[in-house]
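Coordinate inspection notes
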Amino acid sequence: PQNGFVVKKIDIKSFLFIVLIFLFSLLTSCAQESKPRVVFAGKGLKHALDEIKTNFEKKENIPVLIIYAGSQTLLTTIKKTGKGDVFIPGSASYIEQAGDLVTSSEYLAMHIPTFAISPKNSKKLVEYTDLVNSDVRIGIGNRKLTAIGKTTQNILERSAPDQNFSSNIVVSASTSNQLIQLLLNEELDAALVWKDLLNLESANDLGEISIPKSINVTKEIRVSTLSTSRNQSGAKRFLEFVTTEGRAVFTNHGFSQ
C-alpha cells in the first residue's frame, strides 16, 4: 500500500540521518582528540611536567603542548588570546585571579620558598640572618611576573628588621630558573627560589638556607581547566592524569604534598 511505502521511506531517511549525525559526531570527536592539549604552566614546574607530558602521551596517545613562562605572563596571555585547555601556575592565587576563565580546579602539590646559595659561598653564608649582611648579593623573582616574586614580597612584609634583606636585592628575574643560572655563574650570592628547584641536576652544587617558618609563605599548586578550551572533556582528562599519576612525579622532583 502507498501509505506503507511512505512510512517505510521516512524510516529509512530517519535512519540514514541518525547514522550521518553519529558519524559526524565521531569524526569531530576524533579530530578533537588528535589535537594537542594546550597547557600554560609556570616555568618552575617544567621538569616535573615534561615527565608527565611524556607519560600522558605514551598512555593516551594524545599530544600535549606546554607553554612555560612566569605565572602572570601566562594569565595575561590566556586573557588576551582566549586560548588554552589547562592552566598550572606556580601559585593558586593566579587561578583565583583567572575568575570565570577557570571551569574546574584540583590540588596538586606545595611550593616551598627557600634560599639557594652559590656553589663557592664566598660570603660564608650559613644562617638566615647572614643574608642581611651588607655585602651579600641577593636575587629574587619579579613580583609582577612570577609567583615566587609575589611570595618574596609577602615574606618581606612579614620580616622583622633583622630579617629583612630587601636592601641587598640586586636582581629581579622573570623566572626562578634564571636565578639558578645566575647563582651557578657566581653573579649572585643567594637567591630566593622554590625549594624543589634544588633537586635539579644542574643545581646539585648549590647550598641552601631555609627561611624561618614564622615568616615563610608556602603556596598551593593547583591544576585548572579553562573555559577557553574547545575540548572540555579532553582538558579534564589531562587534569585528572596530572593529579593522580602525575602527583608521584611531582614528589620525585622535590615538591611537598
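Per chain, residue numbering runs from 1 following the sequence as it is written. Thresholds applied to this predicted model are a pLDDT of at least 70 for local features of residues and 80 or more for the giving and counting of side-chain atom pairs; totals over whole chains, interfaces and linings are not thresholded and use all residues. Side-chain figures throughout are based on the complete set of non-hydrogen atoms in the structure, without hydrogens or water.

**Section: the sheet that holds strand S10 (residues 219-226)**
For clarity, the cut-off: Between any two strands, at least two bridges found by DSSP are needed for them to pair. Each helix is a run of H or I in the DSSP string that is no shorter than four residues. Each strand is a run of E no shorter than two, and both are numbered from the N terminus. Lines fitted to C-alpha atoms define the axes, with helix axes restricted to the stretch in contact, and inter-axis angles between N-to-C directions lie between 0 and 180 degrees.
One open sheet accounts for five strands, arranged S2-S1-S3-S10-S4; its pairing is mixed. The sheet is open, and its two edges are formed by strand S2 (64-69) and strand S4 (102-111), each paired on a single side. Each adjacent strand pair in this sheet contributes to an overall mean axis angle of 20°, direction not counted. Pairing between strand S1 (residues 37-42) and S2: six bridges, direction parallel. Bridge pairing links Gly-42 to Ala-69 in S2.

**With respect to the nonpolar core**
The cut-off we apply is this: Each nonpolar core is a collection of buried residues, namely Ala, Val, Leu, Ile, Met, Phe, Trp, Tyr and Cys, held together in the definition by side-chain atoms within 4.5 Å. Residue burial is assigned from relative accessible area. The probe radius is 1.4 Å, only protein chains are included, and a residue is buried under 20% of its type maximum, exposed over 50%, and partly exposed in between. By the convention used here, residues are in contact when the closest approach between their heavy atoms is within 4.5 Å.
The biggest cluster of nonpolar side chains holds 32 residues, and the ones touching the most others in it are Phe-87, Phe-115, Tyr-128, Leu-131, Ile-138, Phe-165 and Leu-192. Every residue in contact with Phe-87, bar those within four places of it in the chain, is listed here: Phe-40, Ser-71, Leu-74, Leu-75, Ile-78, Tyr-94, Ile-95, Arg-222, Val-223, Ser-224 and Leu-226. One finds Ala-48, Phe-56, Val-64 and Ile-66 within the second-largest nonpolar core, a separate group that totals 25 residues.

**Notes on the side chain of Thr-243**
Relative to the helices and strands, Thr-243 is located in helix H7 (residues 232-243). With a relative accessible area of 12%, Thr-243 lands in the buried category. Here Thr-243 is in contact with Glu-106, Tyr-107, Leu-108 and Val-223, once residues within four sequence places are set aside.

**Re the environment of Leu-239**
With respect to the helices and strands, Leu-239 occurs in helix H7. Assessed through its relative accessible area of 1%, Leu-239 is described here as buried. Once residues within four sequence positions are removed from consideration, Leu-239 is found in contact with Ser-104, Glu-106, Val-223, Ser-224 and Thr-225.

**Considering the confidence of the model for the chain**
Put simply, the rule reads: You can read pLDDT as the predictor saying how much it trusts each residue, on a scale of 0 to 100.
Per-residue confidence for the chain gives a mean pLDDT of 87, with 87% of residues at or over 70. Of all helices and strands in the chain, the one with the weakest mean pLDDT is helix H1 (residues 2-34) (45), whereas strand S3 (residues 86-88) scores best (98). Within the model, pLDDT remains below 50 along residues 1-31, and this stretch shows zero contacts once partners closer than five positions in the same chain are excluded.

**What to know about the packing of aromatic side chains**
Note the following rule: Each Phe, Tyr or Trp ring, with Trp reduced to its six-membered ring, pairs with another whose centre is within 6.5 Å; inter-plane angles below 30 degrees give stacked pairs, above 60 give edge-to-face pairs, and intermediate values give tilted ones. For a ring to carry a charge above it, either NZ of a lysine or CZ of an arginine must fall within 6 Å of the ring centroid while also lying within 35 degrees of the normal to the ring plane.
Under the criterion given, the structure shown has five aromatic pairs. Taking 6.0 Å as the distance between ring centres and 65° as the angle between the ring planes, the aromatic pair formed by Phe-115 and Tyr-128 counts as edge-to-face. In this pair, Phe-115 sits in strand S5 (residues 113-117) while Tyr-128 sits in the loop between S5 and strand S6 (138-141), placing the two residues 13 residues apart along the sequence. Each member of the pair Phe-115 and Tyr-128 is classed as buried. Lys-150 extends its terminal NZ or CZ atom over the ring of Tyr-94, reaching a point 5.1 Å from the ring centre.

**Quick notes on unusual backbone geometry**
Of note in this structure, Asn-61 is not a glycine but carries a positive phi near 55°. Mapping Asn-61 onto the fold places it in the loop between helix H2 (46-60) and S2. On the accessibility criterion, Asn-61 (68% relative accessible area) is exposed. The phi dihedral of Asn-121 falls on the positive side, at around 45°, and the residue is not glycine. Secondary-structure assignment places Asn-121 in the loop between S5 and S6.

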